[in-house]
Amino acid sequence: MIIKILGSGCKKCVTLGANAKAAAEAAGKEAEIIKVTDFAEIAAYGVMSTPGLVVDEKVLSAGKVLSADEIGRLL
């Protein structure tokens, strides 16, 4: 599974990335975490508010930091 964190690299983006990694590990899934900081690429996903969470090219969240439990339920 490929998980993309969309954002500038701010504290919220870093936290979302850590929570996504923890959720994937808890679910027993192998995941590659990719940080996307290019605003044109972020906009291409239709995300106008960061941080954004994209799993296997599907936007699951934008504009908020989900907990590991919340992400786990979406995986």
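Up top is the structure.
All figures in this text were calculated on a predicted structure; none of them were measured in a lab. In this convention, every chain numbers its residues from 1, walking through the sequence in written order. Per-residue local features are limited, in this predicted model, to residues with pLDDT of at least 70; the limit for side-chain atom pairs, both in listing and counting, is 80 or more; totals at the level of whole chains, interfaces and linings are taken over all residues. As a rule here, side-chain values come from all non-hydrogen atoms in the structure, and water together with hydrogens is ignored.

Undergrad: Report on the side chain of N19, specifying residues and quantitative values.
TA: Segments assigned H or I by DSSP are reported as helices when at least four residues long, segments assigned E as strands when at least two residues long, and all are numbered from the N terminus. Note on placement: N19 falls in helix 1 (residues 11–26). For N19, a relative accessible area of 19% translates into the label buried. Should any heavy atoms of two residues lie within 4.5 Å, those residues are counted as being in contact. Apart from the residues within four sequence positions on either side, N19 is in contact with V65, L66, S67, A68 and I71. Three labels apply to residues, based on accessible area from a 1.4 Å probe with only protein chains included: buried if under 20% of the type maximum, exposed if over 50%, partly exposed otherwise in between.

Undergrad: Pulling in residues and values, what's your account of helix 1?
TA: Multiplying 1.5 Å by the residue count of a helix minus one yields the expected span of that helix. Over its 16 residues, helix 1 extends 22 Å from the first C-alpha to the last, a length consistent with the 22 Å expected when each residue adds 1.5 Å. Inspection of helix 1 places C13, L16, G17, N19, A20, A23 and A24 among the buried residues, and these make up the whole buried set. Each buried residue of helix 1 sits inside an arc of 165° when the element is viewed along its axis, so together they form one side. In helix 1, those exposed residues whose orientation departs by more than 90 degrees from the buried face are K11, E25 and A26. Contacts made by the buried residues of helix 1 are with strand 1 (2–6), strand 2 (32–36), strand 3 (52–55) and helix 3 (68–74). Downstream of helix 1 by one or two residues, G28 has phi in the positive range, about 70°. Arc definition: directions from the helix axis to the C-beta atoms.

Undergrad: Give a description of the sheet that holds strand 2 that names residues and reports values.
TA: An order of 2-1-3-4 is seen for the 4 strands of this open sheet, with the pairing classed as mixed. The open sheet has two edge strands with one neighbour each: strand 2 and strand 4 (58–62). Averaged over all pairs of adjacent strands, the angle between strand axes in this sheet comes to 20°, irrespective of strand direction. Pairing between strand 1 and strand 3: 4 bridges, direction antiparallel. Bridge assignment links L6 to a residue of strand 3, and that residue is G52. Seen against the sheet, helix 1 touches strand 1, strand 2 and strand 3 and runs at an angle of roughly 165° to strand 1. The pairing criterion for strands is at least two bridges between them, as found by DSSP. Axis lines are fitted through C-alpha atoms, for helices just across the contact stretch, and the angle between N-to-C directions can take any value from 0 to 180 degrees.

Undergrad: I'd love a proper account of the nonpolar core, names of residues and values included.
TA: Here the nonpolar core consists of buried residues drawn from Ala, Val, Leu, Ile, Met, Phe, Trp, Tyr and Cys, with membership extended through side-chain atoms lying within 4.5 Å. Among the nonpolar cores identified, the biggest contains 11 residues, and these are I3, I5, C13, L16, A20, A23, A24, L53, V55, L66 and I71. Among the elements of the structure, strand 1, helix 1 and strand 3 are those that each provide at least two residues to this core. Take this core: its biggest share by element is 5 residues, from helix 1. With 5 residues, the next largest nonpolar core counts L6, I42, V47 and V54 among its residues.

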